[in-house]
Amino acid sequence: MSTDSLWYHLPPPSTVVPTPPAEAPRAPVALSIDGREVEVAAGDTVLDACRTAGASVPTLCYLETLTPVNACRLCVVEQEGARVLVPACSRKAEPGMKIQTASPRVRTARKVVLELLASSVDLSTAGELTPLLEEYGAAPGRFGAGAATVAQPVKDDNDLYVRDYGKCVLCYKCVEACGTDAQHTFAIAVAGRGFQAHISTELDVPLPDSACVYCGNCIAVCPTGALMAKPEFLLRQAEQWAPERQAVTDTICPYCGVGCTLTVHVQDQQIVKVTSPIDNGTTRGHLCVKGRFGFEYVHSEPER
Amino acid sequence: MDLHIVGAEANTDERAAVDAALGAPVTGWDGGTHVATRDGRSARGGREASARRDLLLPALHAVQDRVGHISHGALNYICRRLSVPPAEAWGVVTFYHLLSTHPAPPLVVHVCDDIACRARGADGLCRDLEAAWGPPLTHGGHRADPEAHRGAGEAGARRGWMRSPCLGHCEQAPAALALGAGADGVREEWAPVGGAAGIVARAEALERHAGAAPLDEAGRLAALCAVAPQAGSPSLRILRRVGVVDPERLDAYRASGGYVALARALDMGPASVVAEVVASKLMGRGGAAFPTGRKWEAVAREPARPRYVVCNADESEPGTFKDRVLLEGDPFAIVEAMTICGFATGAEYGYVYIRGEYPMAEARMAGAIVAARAAGLLGPDVMGRGVRFDLEIRRGAGAYICGEETALFNSIEGKRGEPRSKPPFPSQVGLFGQPTVVNNVETLANIPDIVREGGDAWAGIGTPGSTGPKLFCVSGHVARPGVYEVPFGQTLGEVLALAGGVPDGRRLQAILLGGAAGVFVGPEALDMPLTFEGARAASATLGSGVVLVFDDTADLPDMLRRIAQFFRDESCGQCVPCRVGTVRQEELLARLAAGGGDRPAAFELLNELGQAMRDASICGLGQTASSAIETAFARLDLHGFGAPR
Amino acid sequence: MGGGTSSYREIEETDCILLWGSNARETHPIFFHHLLQGVKRGARLFAIDPRRTSSAEWADVWAGLDVGTDIALANTMGREIIAAGLAHDAFIANATTGFDDYRAMVEPWTLERGAAETGVPAAVIREMAHAFATSPRAMICWTLGITEHHTAVDNVLSLINLALLTGHVGRWGSGLNPLRGQNNVQGGGDMGALPDRLAGFQHVETDAVRAKFDAEWGVAVPPKRGWHLSQMFEAMERRDLRALYVIGENPAQSEADQHHATHLLEGLDLLVVQDVVMTATAQLADVVFPAAAAAFEAEGTVTSSERRVQRVRRTLAPPGEAQDDLAIIFALAKAMGHDWGAPDAETVWNEVRRLSPPHGGMSYARLEALDGLQWPCYDEAHPGEVFLHSRLWEQPVVGPRAPFSRVEHKLPVEALSEEFPLRLTTGRRLAEYNTGVQTGAYRSPTRRGETIDVSPEDAAQLGVADGERVRVRSRRGQVEAPVRVDRTLRKGLTFMTFHFPEEVATNRLTIDTTDPKVGTAEFKAAAVRIERIGA
């Protein structure tokens, strides 16, 4: 091999910095949000337009990284001329739409939806819903003490997760993260129907008998704490879970060479949770079992 | 995909049933024999392996029909065959009430206790049956204690029964559906059943292999005449062949003018056919009343291929049975109409989605498709004109929601029958994500006449705003329940009179228009013209053409609670307003019925709940689940519930 | 420069993927997420692997080649592409050298011969070749199934040949991507942790390069390359190498032919081990430096398989006396009489930026702001290259052309025999990592310990049942392990991991024959026999 070969000398840079192919330009779409004219790009949703306009629209089942299922109906807004309210998270913005984000119809729908959830589901660890209940004046007690709930025993069948479906609002996020939006493992799906609909493995077998690979991506997207990693569950049980005392730092996973960003949550010099930023291009918030749970060696006494 | 299949294996019966539905497995990787020299060197997976997901429901039906329930082993085998994750398949199984997840007796009789049958004594029948056979089984079995599901005693091991939502035989209420498992399992509609004694007698006859013999031509026509009392009347258009022309003979259909329209359509060309349908101003007859021509136009305009035609024959709206009568009485007309639709819109394949409670309709349609194919009226070269169109039947499995068009697509695709968000509409993104025309059976039944006579001429029937003839399903407390055809424009009173009015000198108390998703009206509405515009003006709806009549003996509060229960049972569970709202609505009715408490607050809550369900639910089910109840409170004198305002 | 040519996002937008010798579903799970999005979007996936792994189950077509026949398969595909007229003539003419030799070399590799040599049906080889060549965008991704062979370098070159032949490199959605097995394998190479390289892949035997480093460091860098790992062990054998400083490796368990490796480590005059826990290697050491867990207890950077340099941050204080690697090395330097000042990761990094042109533009501030940068990134205005080798598409090509390489098919060193009739290949599982030093500490619900995985046919022939403990014997050693009957294996092929060395020391069986060019050991192909215990 001659010494002037590529083996000995780095190739020169190309004259043009390589770039991804340009995305097709998207036509502007002008619409009105609460009387304010805004412009978004074709393909953007009404929710995008609302956010552009600075209008706050609550969401529950929506997540940037998942396909909208628009099941929770919290994000409904009123479109002038439409018979029913429209889900902002999935409806594409159309030219000339006139949207109201806080009309009496909208507020009533959201309030009732919140009441239906709060009267049937344990929302005690659903942090993002608490302020909404107050904001919309939801009074779930109106349905009476005998109102049916989804209360049920906690499923604690493995060393890494706890599943408390009494806290499940059936937002489908875990199913989507386990399915085609990320993990493609399909260990869980919605089973049953109507009020009996629930998240389940096949025949409701325990997680260790299912296809689950314990990536924990379902936990990461769960908005209510129905799915929780063991350390958090145990700390909460002991009333020692203290997010305000937790230091949160981004680092890179110590395992394979993909280079996933880990957001490490440390409380009292102990790693208590590992997540990943949803806007990270490599992970999109998703990790594998080693990245999410494989940190214990750091705390392995007395080996260290 | 890397399926994780563990646990039980299918038994011989289950494998045979699945293989009969899907064909034999090809390699060791999809459930067949592992041949090391072949399967050890290469395998095809990925998209190809999971491309047959739409056969999931047919495979589940095959096992249910053969074995009576879906075992873990059968589920695993189906999953391996079709490359479907078991958790997803379980989600599908547990969605449908006609699929059982626990061992069930070989014969299960589904007894309708829905509103029309209730008006005709279904509740008493169920009590009698309970005395004879013990308590009812629960739907699907997946929620119940499996032991309880098996039924009691030796007879309980052979047969069981369960309560059912409307079976679509309201004209002969009360009705039942007998589903037997086994290689020779029966699927029979029993209407009228002749009380609990009739059910017991029929079940025992089945066990002795002495069930009813197949009908001959005269029997077939007589049975149809019984449900279509106008049969043979020269004024009929949609019903002209029902009870007159043998539905099992293609030659009879052709002799009565069948396939003239298709021939004419092929001469006219696709664009002209669409133009005629647009000109006819035909509105969909399934309940939503959307202009049919606009659907066809939209699909014909889409660039994407393939495109599909879907006939929505999942007629499940309580009180509705007209589509069943058409499928049973004039199946070739539906096949012809779908072929015309396929030609006009550039679709080469169609599906007829028939609810699982309609075995007779399914058999008649299946016969018609086979006969049409054999005669070159379906297939790669329709009528020798180089046009390709073929059809297949998909059987529903007990889910009202699958009558919602996008839920129906999901059901065909082998998914849970959950409605999709619209837009995008089916004309753009429909079945398998492709442009799709989806039309109701009765809608399609009008197509041959429109093509033959021209859209403008046909539009002369009825009123300017509601063109054409219309079928009404008249049931409940009338002298001659049945399906009636009238041109749009007749009043409610006139249609009631056609059916002989309220019999036995009783007083008319209320009429439910449009089914459980419809509205109640009182006797003051008899002058209302039964047109889309007339209904709108009266804040009513025609829905699917239900005219369910209650005389002064009817227990309307009980009917309202049955309607609330119906929606609670049939909600798919996807969106919060409907999933929880239908439960809360039922609870509130129970609270009101129990008396006491803060009644004005309860009514206010009921109204607010209704508004939220109407405004915020994903699909028509939730949007209309409070409609009958709200209109009943607003318009009727409901003694049991007190006067709300 | 050695690195994957493409970005992860590209595999979502490619049309054809050859996943070759890689069970990325388990070993690179988040990369596989990107791959599956590509598959969902319509990319065709071909998996080339002796086992039908969970990755291969996702493939449109799985090609189950015999262990060690990768070059035969690649050359057969190459010949088929040429014979079918599907070679990218314009790219070959513009950007490559040696095509005529390549064509002559692959000419004997007809589909029939390729099928006979690899075991893959001819129709499958043809389908893969055509799909790869005719897809507008196509990429090849591989892992250790390509490199843990005595023909490691030639295996890689045979894949590069395919990309050059079809023009599937240097463009968006096309490329050649080795998936790095460990979180900073790429970064280690980038930084010059190679026997012949300084930081930035600059060759140590190049005067101008050395002069730059000499000036920065104020010492003369030795002008000759050092030993790679296998050469080090050979040197230990010869007693030319007497002292060893091991940082974050566990060679006593991770090296092939473990008996032999341990014996050599024991024979050293001085063994210094720096690691986060007391590994098996540390237990042999004369001196142990307790180290911080780099990912959580230290500052610095690592480089991913898409060449992205990313920041590692300290979130915990190291326990006890442990210190981060930088501090230990600084302290060691000080003890040797060189005071480098206070150890600071950013200062060291800025030195790298001064010396290594491809890292020049990667300030800590930019790495923070941009979620890392992909090299090469020459200056602070440079965005980093999302894919490499775009120069090959310029007219005329910028810099030297890319050479086709001469690669010859050679079967694994250890042939099967009557005495050792089964092929043992090794690999990883999803929830475990290497020798289990880190993963052993968390309670994985899917952990099932070590097994010897065998095909149903072999299990039947041997008369062993699932779960039965057996003895596995190679020419170098023996272990006992329970049998796991696995239908993804074909007759004659067995599989083990090396995750549980305390229970089952798999590497007592493996062969330490290495690739002469880079020294990677042939972990993927040993010959073994299975014996029933007590039979």
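Source: prediction; values computed, not measured.

This brings us to the overall build of chain B. For chain B, the helix and strand inventory stands at 30 helices and 15 strands. Since a compact globule built from 645 residues should have a radius of gyration of about 26 Å, the 24 Å found for chain B is in line with a globular shape. The principal-axis extent of the C-alpha atoms belonging to chain B is close to 80 × 65 × 50 Å. As presented, chain B carries roughly 21,200 Å² of accessible surface, and 53% of it is formed by carbon and sulfur atoms. Chain B carries 64 positive and 75 negative side-chain charges, and their two centres are separated by 3 Å.

Here we take up the interface of chain A and chain C. In this assembly, 71 residues from chain A lie in contact with 84 residues from chain C. Applying the counting criterion to the chain A and chain C interface returns two salt bridges. Across the pair Asp181 of chain A and Lys40 of chain C runs a salt bridge whose closest N-O atoms are separated by 3.9 Å. Counting every contact that joins chain A to chain C gives 22 residue pairs in polar contact (both at pLDDT 80 or more). Taken together, the residues of the side of chain A that touches chain C break down into 36 nonpolar, 25 polar and 10 charged.

So, on to the domain arrangement of chain C. Considered domain by domain, chain C is made up of domain 1 (8–179), domain 2 (185–374) and domain 3 (422–532). Computed over C-alpha atoms, the centres of domain 1 of chain C and domain 2 of chain C are 33 Å apart.

Residues and elements named next belong to chain B. Tallied over the full model, the rule gives 103 salt bridges over all chains. Salt-bridge contacts for Asp19 lead to Arg81; the nearest nitrogen and oxygen are separated by 2.8 Å. With Asp19 in helix α1 (residues 12–22) and Arg81 in helix α5 (residues 72–82), this pair connects stretches of sequence that are 62 residues apart. Glu328 serves as the salt-bridge partner of Arg324, at 3.3 Å between the closest nitrogen and oxygen. With Arg324 and Glu328 both in helix α17 (residues 322–329) and four residues apart, the pair spans about one turn of that helix.

Residue and element names in this part refer to chain B. Using the criterion set out here, one finds zero disulfides over all chains in the structure. Sulfur of Cys170: no disulfide; nearest cysteine sulfur belongs to Cys166 and is 3.6 Å away. A relative accessible area of 2% means that Cys170 is categorised as buried.

Let us look at the domain arrangement of chain B. All names here are of chain B. In terms of domains, chain B is made up of domain 1 (12–93), domain 2 (107–207), domain 3 (257–458), domain 4 (469–551) and domain 5 (556–641). When domain 2 packs against domain 5, the two sides together hide about 610 Å² of surface, and 57% of this comes from carbon and sulfur. Counting the surface domain 2 buries against domain 5, the share from its top three residues, Ile115, Arg118 and Pro165, is 65%. Remark: the boundary between domain 2 and domain 5 carries three salt bridges. Residues Arg562 and Asp113 are paired through a salt bridge, measuring 3.0 Å at the closest nitrogen-oxygen approach. For the pair domain 2 and domain 5, the interface holds two residue pairs in polar contact (both at pLDDT 80 or more). In terms of residue count, the dominant contributor to the side of domain 2 that touches domain 5 is helix α7 (residues 115–119) (three residues). For the side of domain 2 that touches domain 5, the per-class residue count stands at three nonpolar, one polar and three charged.

Thresholds, definitions, all that
Residues numbered from 1 in each chain as written. Chains lettered and ligands numbered in written order. Predicted model: local features only at pLDDT ≥ 70, side-chain atom pairs only at ≥ 80, totals over all residues. Heavy atoms only, no water. Helix = DSSP H or I, 4+ residues; strand = E, 2+ residues; numbered from the N terminus. Rg over C-alpha atoms; globule rule 2.2 N^0.38 Å. Areas by Shrake-Rupley, 256 points an atom, 1.4 Å probe, with all protein chains shown as cover. Lys, Arg positive; Asp, Glu negative; His and termini not counted. Charge placed at Lys NZ, Arg CZ, Asp CG, Glu CD. Contact = heavy atoms within 4.5 Å. Salt bridge = Lys/Arg side-chain N within 4 Å of Asp/Glu carboxyl O. Polar contact = N/O pair within 3.5 Å; in protein donor to acceptor, adjacent residues only side chain to side chain. Nonpolar A, V, L, I, M, F, W, Y, C, P; charged D, E, K, R; others polar. Domains from an automatic or database assignment. Disulfide = S-S within 2.5 Å. Buried < 20%, exposed > 50% of the residue type's maximum accessible area, 1.4 Å probe, protein only. Buried area = accessible area lost by both parts, 1.4 Å probe.

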